[in-house]
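What the coordinates show
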Amino acid sequence: MTTDLILKSVADGVATLTLNRPDKRNAMSDDMRSAFIDHLEEIAADRSVKALVLTGAGKGFCAGGDIAGMKRRMEAPAGEVAFNGWSRQQRVHHAVGLLVNMPKPTIAAVNGAAAGLGADTALACDFVIASPAANFAWSYILRGLIPDGGGMYFLPRRVGLARAKELIFTGRRVNADEALALGIADRVSGSETLLDEAQAWARELSQGSGTALALGKTILNRSLESSAEEIFQSGSQAQGICYTSREHRESVLAFLAKMGA
């Protein structure tokens, strides 16, 4: 019997994706990544879905890349290793890009270990909520690798450059309390309430205009690399779109009616 590698549910406008290889601590295999990409593309295109929560089945969030896949890559003919690796990187970055650029709020509900690619994937979300059982480790160095899922971009923006270097150079494990103190996690929740709190937070974040949220997120994602002038220009264009949106029109008309204008 084939088990779905990614479980999807939708309630009250919030989609929940669950990485579902609990026997492997949800290590990301090629097949799981393909299913993940498919679900992310569907959610991005579904206007009825207002927010996304990502979590893991069982005791782990995501243990990183699949070791069996690493073994197969090493066993490939020498002349194919580099291109096979490059091709895999394109898929990894496509999946991470879909998550980063999701035009709606995203929350990682980290229920256990988030290591390597798992830690990167959590930080690709807009927000991170962790249970007491959660821990984070940029453990690529222990496999002779560098972070390839966005960690070298996301981590310095959360913890600062020097701390990011320390975490990446050592690969050490960070527990939930330290993650909160460093800014890796935004909230800590009880293990039993983690998913419920993440979904409630997602509903809270997605109450506003979907148009404004999508446009604002796109600009904010570029804000640290852009000049003030570039942000003003992008904001002017986005605001022009917002002026024409249904949400803006309905909000203004409702306010005027309430004021008797």
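None of the values given here were measured: they were computed from a predicted structure.

Basis of the calculations
- Residues numbered from 1 in each chain as written.
- Predicted model: local features only at pLDDT ≥ 70, side-chain atom pairs only at ≥ 80, totals over all residues.
- Heavy atoms only, no water.
- Helix = DSSP H or I, 4+ residues; strand = E, 2+ residues; numbered from the N terminus.
- Rg over C-alpha atoms; globule rule 2.2 N^0.38 Å.
- Buried < 20%, exposed > 50% of the residue type's maximum accessible area, 1.4 Å probe, protein only.
- Contact = heavy atoms within 4.5 Å.
- Lys, Arg positive; Asp, Glu negative; His and termini not counted.
- Charge placed at Lys NZ, Arg CZ, Asp CG, Glu CD.
- Arc of directions from axis to C-beta.
- Pairing = 2+ DSSP bridges.
- Axes fitted to C-alpha atoms, helices over the stretch in contact; angles between N-to-C directions.
- Expected span 1.5 Å × (residues − 1).
- Salt bridge = Lys/Arg side-chain N within 4 Å of Asp/Glu carboxyl O.
- Polar contact = N/O pair within 3.5 Å; in protein donor to acceptor, adjacent residues only side chain to side chain.
- Core = buried A, V, L, I, M, F, W, Y, C linked by side-chain atoms within 4.5 Å.

Observations regarding the overall build of the chain
Along the backbone of the chain there are 11 helices and 10 strands. Computed over the C-alpha atoms, the radius of gyration of the chain is 20 Å, within 12% of the 18 Å expected from 2.2 N^0.38 for a compact globule of 261 residues. Its C-alpha atoms give the chain principal-axis dimensions of about 70 × 40 × 35 Å. Taking all 261 residues of the chain together, the buried fraction comes to 43%. The long-range fraction of contacts in the chain, counting pairs at least 24 apart against all pairs at least 6 apart in sequence, stands at 68%. Taking the average location of the 28 positive side-chain charges in the chain and that of its 28 negative ones, the two points are 1 Å from each other.

So, unusual backbone geometry
At Asp 12, a position not held by glycine, the phi torsion is positive, near 55°. The class of Asp 12 is exposed, set by a relative accessible area of 64%. You will see that Arg 25, though not glycine, has its phi angle at about 55°, which is positive. Relative to the helices and strands, Arg 25 resides in the loop between strand 2 (14–19) and helix 1 (30–45). Classification of Arg 25 by relative accessible area gives partly exposed; the value is 42%.

What about helix 5 (residues 151–159)?
Three- or four-residue spacings in an α-helix give side chains the same orientation, since the helix completes a turn every 3.6 residues. Within helix 5 the residues assigned to the buried category are Gly 151, Phe 154, Leu 155 and Val 159. The arc that holds the buried residues of helix 5, viewed along the axis, is 100°, so those residues lie on one side. The inward-facing, buried residues of helix 5 abut helix 3 (78–100), helix 4 (117–123), helix 6 (161–170) and helix 7 (176–182). Backbone geometry just downstream of helix 5 places Gly 160 in the positive-phi region, at approximately 95°.

Examining the sheet that holds strand 9 (residues 173–175)
Spatially, four strands are ordered 4-6-8-9 in an open sheet, and the strand pairing comes out mixed. Among the strands making up the open sheet, the edge pair consists of strand 4 (60–62) and strand 9. Each neighbouring strand pair of the sheet contributes to a mean axis angle of 20°, computed without reference to strand direction. For strand 8 (residues 135–137) and strand 9, the ladder comprises three bridges, and the chain directions are antiparallel. Each bridged residue has a counterpart across the sheet, and for Ala 137 the counterpart in strand 9 is Arg 173.

Description of helix 8 (residues 194–205)
Taking 1.5 Å of rise per residue, 12 residues should cover 16 Å, and helix 8 covers 16 Å from first to last C-alpha, within 8% of that figure. Restricting attention to buried positions, one finds in helix 8 the residues Leu 194, Ala 198, Gln 199, Trp 201 and Ala 202. Seen end-on, helix 8 carries its buried residues on one side only, within an arc spanning 160°. Residues of helix 8 that are exposed and point over 90 degrees away from its buried face: Asp 196 and Glu 204.

So, the environment of Gly 116
With respect to the helices and strands, Gly 116 occurs in the loop between strand 6 (113–115) and helix 4. Judged by relative accessible area, Gly 116 falls into the buried class, the value being 5%. Once the C-alpha coordinates of Gly 116 and Lys 50 are considered, the two residues, 66 residues apart in sequence, prove to be 28 Å apart. When residues no more than four places from it in sequence are discounted, the contact partners of Gly 116 are Ala 137, Trp 138, Ser 139 and Tyr 140.

Overview of the side chain of Lys 104
Structurally, the position occupied by Lys 104 is in the loop between helix 3 and strand 5 (106–110). No salt bridge is formed by the buried Lys 104; its nearest oppositely charged neighbour, Asp 46, is found at 6.2 Å. At 3.0 Å, the side chain of Lys 104 and the backbone oxygen of Asp 46 are in polar contact. Setting aside its immediate chain neighbours within four residues, Lys 104 contacts Ile 43, Ala 44, Asp 46, Val 49, Lys 50, Ala 51, Asp 126 and Lys 217.

As for the nonpolar core
The biggest cluster of nonpolar side chains holds 48 residues, and the ones touching the most others in it are Phe 36, Val 110, Phe 136, Trp 138, Leu 155 and Ile 184. Top contributing element to this core by residue count: helix 3, with six residues. The contact partners of Val 110, leaving out residues within four places of it in the chain, are Phe 61, Ala 122, Val 128, Ile 129, Ala 130, Ser 131, Ala 134, Phe 136 and Leu 194. Within the second largest apolar cluster, 10 residues are counted, among which are Ala 51, Ile 107, Ala 109 and Ala 202.

Let's talk about the pattern of salt bridges
Across all of its chains, the model carries 10 salt bridges by this definition. We note a salt bridge from Arg 33 to Asp 30, for which the minimum N-O separation is 3.2 Å. With Arg 33 and Asp 30 both in helix 1 and three residues apart, this pair spans about one turn of that helix. Several salt bridges converge on common partners, so that one network encompasses Arg 163, Glu 166, Arg 172 and Glu 178.

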